[in-house]
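# Coordinates in review
Next come the chains, spelled out residue by residue.
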Amino acid sequence: METNFLENNNLTLVGKITEEKKFSHEIYGEKFYTFGLSVPRLSGNADVIPITISERLFKEDELVVDKKIRIKGQFRSYNSYEESKNRLILTVFAKDIEFLESQEEIVASKDLISNEVILIGFICKTPIYRQTPFGREITDILLAVNRAYNKSDYIPCIAWGRNARFCSKMPVGTEVKITGRIQSRIYEKKHDDGTTESRVAYEISIANLETIDEKNQDIENQVSDDGEIKSE
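Here is what the cut-offs are and how they apply
Residues numbered from 1 in each chain as written. Predicted model: local features only at pLDDT ≥ 70, side-chain atom pairs only at ≥ 80, totals over all residues. Heavy atoms only, no water. Helix = DSSP H or I, 4+ residues; strand = E, 2+ residues; numbered from the N terminus. Buried < 20%, exposed > 50% of the residue type's maximum accessible area, 1.4 Å probe, protein only. Polar contact = N/O pair within 3.5 Å; in protein donor to acceptor, adjacent residues only side chain to side chain. Disulfide = S-S within 2.5 Å. Pairing = 2+ DSSP bridges. Salt bridge = Lys/Arg side-chain N within 4 Å of Asp/Glu carboxyl O. Phe/Tyr/Trp six-rings, centres within 6.5 Å; stacked < 30°, edge-to-face > 60°. Lys NZ or Arg CZ within 6 Å of the ring centre and 35° of its normal.

Within the secondary structure layout, Ser205 lies in strand S12 (residues 196-211). We classify Ser205 as buried; its relative accessible area is 5%. Within the structure, Ser205 has its side chain in polar contact with the side chain of Trp160 (distance 3.1 Å).

Below, the structure written as structure tokens:
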């Protein structure tokens, strides 16, 4: 069966640009830039998400700080080698950008999806189940999502509550479909010399999850934007 890579990995984000664009890299004469996008949560906080975009999708003076935009694209990963160690870098690869110029567009955008990711992939590491000091159940999942040209993106995902218990029992190789949102969090990285460094991690907070090969075991567990389980 032919794989539809756009269905495997697609997202929509609405937010404000937080910084001036920076040159990232060039491939076959096409230049790519990066910038941060602040995407609000229902709780009132915001996630600042890295965006990678081709020069062909915008004009020189369009990507300005505080500009409100809608991005459609894919959540991708690549490996960065730092101090002889491999580090997974995550970014949103923009395939389309819409500039919300008028007040009508900005108001209308509030009624639309502002942070949604749909992924179809395979669990590629044994899930890690844990509980917080307050008793909340969490399972960490690493999802391998196939991309064209025999490439894959490795996306960290986090499940809560019933989904956490369900995912914790999944064997490596299980194919799942996930709907969720990109979230960012700050953590402290401890180095070998004892020093610490603040870093930002990105992951998918799972709202809905289903297995592809066992439809009779599908679980759809709604999670609020701040990670709280909604009432059933």
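Next comes the rest of the write-up.
What follows concerns the state of the cysteines. Evaluated as defined, the whole model comprises zero disulfides. The structure places no disulfide on Cys167, whose sulfur is separated from the nearest cysteine sulfur, that of Cys157, by 8.9 Å.

So, about the pairing of strand S3 (residues 30-40). Within a regular beta strand, the side chains point alternately toward one face of the sheet and then the other, so they alternate between its two faces. Most of S3 is tucked away: eight of the eleven residues are buried. Judged from the five bridges that link them, strand S2 (residues 22-27) and S3 form a sheet pairing that is antiparallel. What sits directly across from Glu26, in S3, is Lys31. Linking S2 to S3, which pair antiparallel, is a turn of two residues; within it Tyr28 sits at a positive phi near 50°.

This structure, assessed with the given rule, holds ten salt bridges. In this structure, the salt-bridge partner of Asp47 is Arg41, at a minimum N-O distance of 2.8 Å. Of the two residues, Asp47 and Arg41, neither departs from the other in class, the shared state being buried. In this structure, Arg70 engages Glu98 in a salt bridge whose closest nitrogen and oxygen atoms are separated by 2.4 Å. Separated by 28 residues along the polypeptide, Arg70 in strand S5 (residues 68-82) and Glu98 in strand S6 (residues 85-99) bring together distant segments of the chain. Note on Arg70: relative accessible area 10%, which makes it buried.

This next bit is on the pairing of strand S10 (residues 151-160). With ten bridges joining them, strand S9 (residues 137-147) and S10 adopt antiparallel strand pairing. Each bridged residue has a counterpart across the sheet, and for Arg147 the counterpart in S10 is Lys151. Taken together, S9 and the strand that follows it, S10, pair antiparallel across an intervening segment of three residues, in which Tyr149 is found at a positive phi of about 65°. As judged from the two bridges shared by S10 and S12, these two strands associate in the parallel manner.

Time to look at the packing of aromatic side chains. In this structure the tally under the stated criterion is three aromatic pairs. Taking the centre distance of 6.0 Å and the plane angle of 35° together, the rings of Phe32 and Phe93 count as tilted. Pair noted here: Phe32 is in strand S3 and Phe93 is in strand S6, with a separation of 61 residues, a long-range link. Look at Phe32 and you get buried, because its relative accessible area is 6%. One aromatic cluster in this structure is built from Phe23, Tyr33 and Phe58. For Lys21, the ring lying beneath its charged end belongs to Tyr33, and the centroid distance is 5.7 Å. Cation over ring: Arg76 sits above Phe93, and NZ or CZ is 4.1 Å from the ring centre.

Keep in mind these numbers describe shape, not what the thing actually does.
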